[in-house]
Amino acid sequence: QAFQIDVVNQHSRPVKIRVMDRIPLSRSSDIEVIVENLDGGNLDPATGWVTWEVTLAPSAQKTLSFSYKVEYPKKFSIQGL
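Just so it is clear, the model here is predicted, and its values are computed rather than measured. (Residues numbered from 1 in each chain as written. Predicted model: local features only at pLDDT ≥ 70, side-chain atom pairs only at ≥ 80, totals over all residues. Heavy atoms only, no water.)

Enquirer: Describe in detail the nonpolar core, supporting the description with residues and values.
Expert: Looking at soluble globular proteins, one finds that nonpolar side chains tend to be buried together. In terms of nonpolar packing, the biggest core is built from 13 residues, with Ile-5, Val-19, Ile-23, Trp-52, Leu-64 and Phe-66 touching the most fellow members. Those elements giving two or more residues to this core turn out to be strand 1 (2-8), strand 2 (15-22), strand 5 (49-56) and strand 6 (61-71). The element best represented in this core is strand 5, accounting for four residues. Val-19 has contacts with Ile-5, Val-7, Val-50, Thr-51, Trp-52 and Leu-64, leaving out every residue within four places of it along the chain. (Core = buried A, V, L, I, M, F, W, Y, C linked by side-chain atoms within 4.5 Å. Buried < 20%, exposed > 50% of the residue type's maximum accessible area, 1.4 Å probe, protein only. Helix = DSSP H or I, 4+ residues; strand = E, 2+ residues; numbered from the N terminus. Contact = heavy atoms within 4.5 Å.)

Enquirer: Any chance you could break down the sheet that holds strand 1 for me, citing the residues and the numbers?
Expert: Sheets are built from strands paired through backbone hydrogen bonds, the pairs being either parallel or antiparallel. Taken together, the three strands give an open sheet; going across it, the order is 1-6-3, and neighbouring strands pair in antiparallel fashion. Every other strand in the sheet has two partners, leaving strand 1 and strand 3 (32-37) as the edge strands with one partner each. Going from strand to strand, the sheet's axes swing by 25° on average, the running direction of each strand aside. Here strand 3 pairs with strand 6 via five bridges, running antiparallel. Residue pairing across strands places Val-35 opposite Tyr-68, the latter belonging to strand 6. (Pairing = 2+ DSSP bridges. Axes fitted to C-alpha atoms, helices over the stretch in contact; angles between N-to-C directions.)

Enquirer: Help me get a handle on the pattern of salt bridges, residues and values and all.
Expert: For the structure on display, the rule yields two salt bridges. Of the charged contacts in the structure, one is a salt bridge between Glu-53 and Arg-18, with a shortest N-O distance of 2.6 Å. One end of the pair, Glu-53, is in strand 5; the other, Arg-18, is in strand 2, with 35 residues separating them in the sequence. For Glu-71, the salt bridge identified is with Lys-69, shortest N-O distance 3.6 Å. On the accessibility criterion, Lys-69 (35% relative accessible area) is partly exposed. (Salt bridge = Lys/Arg side-chain N within 4 Å of Asp/Glu carboxyl O.)

Enquirer: Please give an account of the layout of surface pockets that cites residues and values.
Expert: The space that makes up the largest pocket amounts to roughly 150 Å³. Classifying every residue of the lining of the largest pocket by side-chain character gives seven nonpolar, three polar and one charged. (1 Å grid on protein atoms, 1.4 Å probe; cavity = no way out; pocket = protein on both sides within 12 Å on 5 of 7 lines; lining within 4 Å. Points joined across faces, edges and corners; volume = space filled by probe spheres on them. Nonpolar A, V, L, I, M, F, W, Y, C, P; charged D, E, K, R; others polar.)

Shown next as structure tokens:
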């Protein structure tokens, strides 16, 4: 799975924002979630929250991305991914 988040500053002054998204956590030792890319974000491994602290200049935009993969035995059926 890969995701992209676009943020735009439409103000005439710089803004500092915190962007948060989440990576799934596995409750089973048979299912492994592997983080591939956080694009500078900080991951809290206990909760799965990824946080980016971003300062945008006036009229600036930034694209944040993150990706992960899930590995599991063929006998499992994973819902919601």
